Amino acid sequence: MQCNRPPQPARSAGFEKTQAHEYICTTWFERDRAHIALSTPRGRVVFELWDDAVLDAIETGYLKPPSVPRPRDGDWLPAAVQYAIDMHLIPSI
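The rules we used
- Residues numbered from 1 in each chain as written.
- Predicted model: local features only at pLDDT ≥ 70, side-chain atom pairs only at ≥ 80, totals over all residues.
- Heavy atoms only, no water.
- Pairing = 2+ DSSP bridges.
- Helix = DSSP H or I, 4+ residues; strand = E, 2+ residues; numbered from the N terminus.
- Axes fitted to C-alpha atoms, helices over the stretch in contact; angles between N-to-C directions.
- Contact = heavy atoms within 4.5 Å.
- pLDDT = per-residue confidence, 0-100.
- Buried < 20%, exposed > 50% of the residue type's maximum accessible area, 1.4 Å probe, protein only.

**Some thoughts on the sheet that holds strand β2 (residues 33-39)**
Pairing within the open sheet is antiparallel, and its three strands lie in the order β1-β2-β3. The open sheet has two free edges, formed respectively by β1 (24-30) and β3 (45-50), since each of these has just one partner strand. Taken pair by pair, the neighbouring strands of this sheet meet at an average axis angle of 5°, ignoring direction. Examined bridge by bridge, β1 and β2 share seven bridges and lie antiparallel to one another. From the neighbouring strand, Thr26 faces β2, where its bridge partner is Ala37. Running at roughly 100° to β3, helix α1 (residues 52-59) makes contact with β1, β2 and β3 of the sheet. Across the face of the sheet, helix α2 (residues 73-86) comes into contact with β1, β2 and β3 while running at roughly 110° to β1.

**Some remarks on the confidence of the model for the protein**
Confidence in the prediction of the protein, expressed as mean pLDDT, is 86, and 83% of residues score 70 or more. Segment residues 5-13 is flagged for pLDDT under 50; beyond a separation of four residues in sequence, or across chains, it makes two contacts in the model.

**Quick notes on the environment of Gln82**
Considering the arrangement of structural elements, one finds Gln82 in helix α2. Owing to a relative accessible area of 39%, Gln82 belongs among the partly exposed residues under this scheme. Sequence separation between Gln82 and Ala20 is 62 residues, and the spatial gap between their C-alpha atoms is 8.9 Å.

**Structural notes on the environment of Arg44**
Note that Arg44 resides in the loop between β2 and β3. Since its relative accessible area comes to 40%, Arg44 is described here as partly exposed.

Written as structure tokens, this is what we have:
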């Protein structure tokens, strides 16, 4: 017996519909090391920047660091989401 169901539309870039506050930003900074990553609630990595790539993104203005002393992961979240949108890694929210 065949199922006459219409085909399902493909999801764009494989990312589920996610609100800005639902993304997860992780950071790690040490003397000469830097790491920033953004992922979806289900663990799919949107982007990951290391060392010179982090510095380059900040220096070019694509990634704006938080204006608080010793920023935590959540402080970086708005900038990381905006970076992903600007780089066309996620749809604009």
